[in-house]
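This is what each chain is made of:
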Amino acid sequence: MEIQTKVYARRLAEWAADKPEVLVLSADLTSSVEVDVFQKRYPDRFLSMGMTEQNMHSLAGGLAREGFLPFIHTFAVFIYRRAYDQICDSIAYPNLPVRMVGFLPGVLTPGGITHQAIEDVAVLRALPNLTILEVGDATEIESVLDVSRSIKGPIYLRMLRGEVPRLFATDEPFVFNKARQITRGDDVTLFSSGVSTEEAMRATSVLRERGVSINHLHISTLKPFTDPAVVEAAAAARHGVITLENHSIIGGLGTCVAEVMAEHGVGKKLMRLGLPDVFAHGASRPYLMREYGLDALALVRGVERLLGQSLNISEADLNAVRLQEVHSASKAEAL
Amino acid sequence: MTASPSPTATWQTEATRVAAGIRRRVLEHVLRHNGGYMSQACSSAELFAALYTRIMKLGPSIAPAVPLPFAGVPSATNPHAFTGAGYNGPKAPDLDRFIFSPAHYALVLYATLIETGRMAPEGLAQFNQDGSTVEMIGAEHSPGCEVTSGSLGQAISQAAGIALARKRRGETGRTWVMLTDGEFQEGQTWEAFEVLSAYKLDRVGVYVDVNGQQCDGRMEDVLNIEPIAEKLAAFGARVVSVDGHDLDALAAPAELEPDGRPLVVLAYTDPCRCLEPMRARAPKLHYLRFTSPDERAVYQAFYETLLTGTKE
């Protein structure tokens, strides 16, 4: 698998070159959220806001009212938990084109409860006017900024940093509100988002070898959630539907799928895999994904439960885990 | 509509008339509806009058004299949503902007717009009526409002964003913010001052109604925040404390040449100014609602004396 490094850092700087209206706001985590390249290239368009997250969100609303295109960058958790009221009144209500780029969603950070955004989609999905996007690989990081051009209102974007795999061909960019077909099958329909798609891909080929075909769709637009392909895929599943997400099972992808299935009268079993309504803690990504049932093996066990049979798949059978150092060349500090 | 001042009248004469009109209109409203934010009008009448007649460089209103009904919330599918900024004139590089923070002072702002000829008096009849923009707690569609600020502490940051944008464009117009002392209990206000100072946004001027009151009573008793001036100075602001009922004192700091620091005028005010009967209710002054016909009669009688005092 091709691994890319600092994709967002490079892409943002390149993309913003001919867009003088783009201003980048950072809350003291500039290299941690990959806006250091932009800062070096366009120091005049880089606004250091210090740790004033509430102020930063309202201020971005003011900039947007004046015709600028502000990009807020910090850890996902500090966007919605710290500044929800400001996002609501200063950005979402007036439907202003502020881009909130949240890094280290879910259990991607070893920073523990205070740093882990496990219910961000749940909280923000309830906010009118807001669009919610989540990238799953390097190709989506590279293409999501172009997608953002067509969205006039505010966007919350679950972003990936550091070493990121390329799962999707470069000529198959992020398409707004359109599920991405990964594998076709008719036994189980699987919806995954963000890093969960990489995990799911480790399992689906092994499942196929054991005679279980998976209709796997990757979701990168969480709001709106109106792609008819989702309902069609859910309805076509022989044994049921599984969702896999790096988020609480409440309010995220699993809930989005449940809602559209119920609204369309799709009477299939739905299994939501994600953080089972519990807080996480500080540990490595593979450890936490195993502990909370977000990894490839958890998906296999989920398929087994749905089918009511054991498939005799062990960890050794799954495609190799992509080992990622917590401290790496791309990010010296884990945070 | 009130008559225009004669050409020979000083701005202070006009501002005095406006301030008296603000208090009278708000009291009239409170009497008619048995409730309203009365003490806020008493404390800030001169502050609003000075801002609108002397301090702010605004063009004439470009909004309908009688406010339009609510056109729906802003959204991707509603092209009709609007703000109330037009009552403060057009937006232009050399003109000032007014960002109104304490949204519960909306009635005071509406009364000011009427007294300064920016809104028709009948507009106030829509106050708090269903489907109207003349809301009790002003939002960005309400007359004179440009941002949504009812959650206190947000307007100052939004104003900082607007001022930062204007500075980047080299605009000379100033951005005035009207705040209240209670908002200094909010952490966001201090975050905003960190940024206003660091970015040297000296074309931001903040007028604060320091009436010492909040919903629960006297700020001193609820949660003391004084000394505000010293705290703000330590945050890098240029602070001037004035008697908030002295028009000349209110207007003078706006004449200072900007020096790199955001300007803050702390207008110390009396929440019962010109409404003596209200002192009996202290320290609960946040919202006036009569508890008996007798109490109402006292205010009604006081209102009659105001009417004879201000000729229309």
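In this numbering scheme, every chain counts its residues from 1 along its sequence in written order. Throughout, the order in which chains and ligands are written sets their labels, letters from A for the former and numbers from 1 for the latter. In keeping with the model being predicted, local features are shown solely for residues with a pLDDT of at least 70 and side-chain atom pairs are shown and tallied solely at 80 or more, while totals for entire chains, interfaces and linings include all residues.

1. Focus: the domain arrangement of chain A
All names here are of chain A.
Part 1 of the argument: Note that domain bounds follow an automatic or database assignment of domains. Examined at the domain level, chain A breaks down into domain 1 (3–165) and domain 2 (180–310).
Part 2 of the argument: Computed from C-alpha atoms alone, the centre-to-centre distance between domain 1 and domain 2 is 26 Å.
Part 3 of the argument: Residue assignment for the side of domain 1 that touches domain 2 shows that the elements contributing at least two residues are helix H6 (120–125) and strand S6 (131–134).
Part 4 of the argument: In this text, helices come from DSSP runs of H or I with a minimum length of four residues, and strands from runs of E with a minimum of two, each type numbered from the N-terminal end. The element best represented in the side of domain 1 that touches domain 2 is S6, accounting for four residues.
Part 5 of the argument: For the side of domain 1 that touches domain 2, the class distribution of residues is 14 nonpolar, six polar and five charged. Only Asp, Glu, Lys and Arg are considered charged in this grouping, and only Ala, Val, Leu, Ile, Met, Phe, Trp, Tyr, Cys and Pro are considered nonpolar; every other residue, Gly among them, is considered polar.

2. Things to note about the environment of Ala159 of chain B
Part 1 of the argument: Examined against the element boundaries, Ala159 of chain B turns out to sit in helix H4 (residues 154–168).
Part 2 of the argument: Considered as a pair, Ala159 of chain B and Phe184 of chain B are 25 residues apart in the sequence and their alpha carbons are 16 Å apart.
Part 3 of the argument: A pair of residues counts as a contact when their C-beta atoms, built from backbone coordinates, are within 7 Å of each other. Look past the residues within four positions of Ala159 of chain B in its chain and what remains in contact with it is Gly62 of chain A together with Ile99, Thr175, Val177 and Val204 of chain B.

3. Thoughts on the interface of chain B and chain A
Part 1 of the argument: Each partner contributes residues to the interface: chain B has 23 residues there, and chain A has 24 residues.
Part 2 of the argument: Elements that contribute at least two residues to the side of chain B that touches chain A include exactly H4 and helix H5 (187–198) of chain B.
Part 3 of the argument: Of the residues forming the side of chain B that touches chain A, the biggest block, 10 residues, is contributed by H4 of chain B.
Part 4 of the argument: When the residues that make up the side of chain B that touches chain A are grouped by side-chain class, the tally is 10 nonpolar, nine polar and four charged.

4. Quick look at the pairing of strand S5 (residues 99–103) of chain A
Residues and elements named next belong to chain A.
Part 1 of the argument: Counting buried residues along S5, five of its five residues qualify, which places the element largely inside the surrounding structure.
Part 2 of the argument: Residue burial is a threshold on neighbouring C-beta atoms within 10 Å of the residue's own C-beta, all placed from the backbone, with 20 or more meaning buried, 12 or fewer meaning exposed, and counts in between meaning partly exposed. Alternating residues of S5 divide into Arg99, Val101 and Phe103 and Met100 and Gly102, and every residue in both groups is buried.
Part 3 of the argument: For two strands to count as paired, DSSP must find a minimum of two bridges between them. Bridge count for strand S4 (residues 69–75) against S5 is five bridges, and the pairing is parallel. Bridge pairing links His73 to Val101 in S5.
Part 4 of the argument: Bridge count between S5 and strand S7 (residues 155–159): five bridges; the pairing is parallel. Bridge pairing in S7 places Arg99 opposite Ile155.

5. Quick word on the packing of helix H8 (residues 195–209) of chain A against helix H12 (residues 296–307) of chain A
Residue and element names in this part refer to chain A.
Part 1 of the argument: Between N-to-C directions, angles cover 0 to 180 degrees, with each direction set by a line fitted to C-alpha atoms, over the stretch in contact for helices. Two elements in contact, H8 and H12, have axes separated by 8 Å at closest approach and are oriented at 45 degrees. One way to sum up the angle between H8 and H12 is to call them oblique. Here H8 and H12 pass one another in a crossing that is right-handed. Facing Glu199, Ala200, Arg202, Ala203 and Leu207 of H8, the residues of H12 in contact are Ala296, Leu299, Val300 and Val303.
Part 2 of the argument: Of the residues contributing to the contact of H8 with H12, the split by class is seven nonpolar, no polar and two charged. If an angle is under 35 degrees, it is roughly parallel; if it is over 145, roughly antiparallel; if it lies from 65 to 115, roughly perpendicular; otherwise it is oblique. Handedness of a helix crossing follows the sense of rotation of the near helix relative to the far helix, less than a right angle counterclockwise being left-handed and clockwise being right-handed.

6. Focus on the sheet that holds strand S6 (residues 238–243) of chain B
Hydrogen bonds between backbone groups are what pair the strands of a sheet, and the pairing can be parallel or antiparallel.
All names here are of chain B.
Part 1 of the argument: Read from one edge to the other, the open sheet built from five strands follows the order S1-S2-S3-S7-S6, with strand pairing classed as parallel. For this open sheet the edge positions go to strand S1 (97–100) and S6, each flanked by a neighbour on one side alone. Between one strand axis and the next, the sheet turns by 20 degrees as a mean value, whatever way the strands run.
Part 2 of the argument: Both strand S3 (residues 204–210) and strand S7 (residues 263–268) contribute to a ladder of six bridges, which runs parallel. By the bridge assignment for S7, Val210 is matched with Tyr268.
Part 3 of the argument: The sheet contacts of helix H2 (residues 38–55) involve strand S2 (175–180), S3 and S7, and relative to S3 the element is tilted by about 155 degrees.

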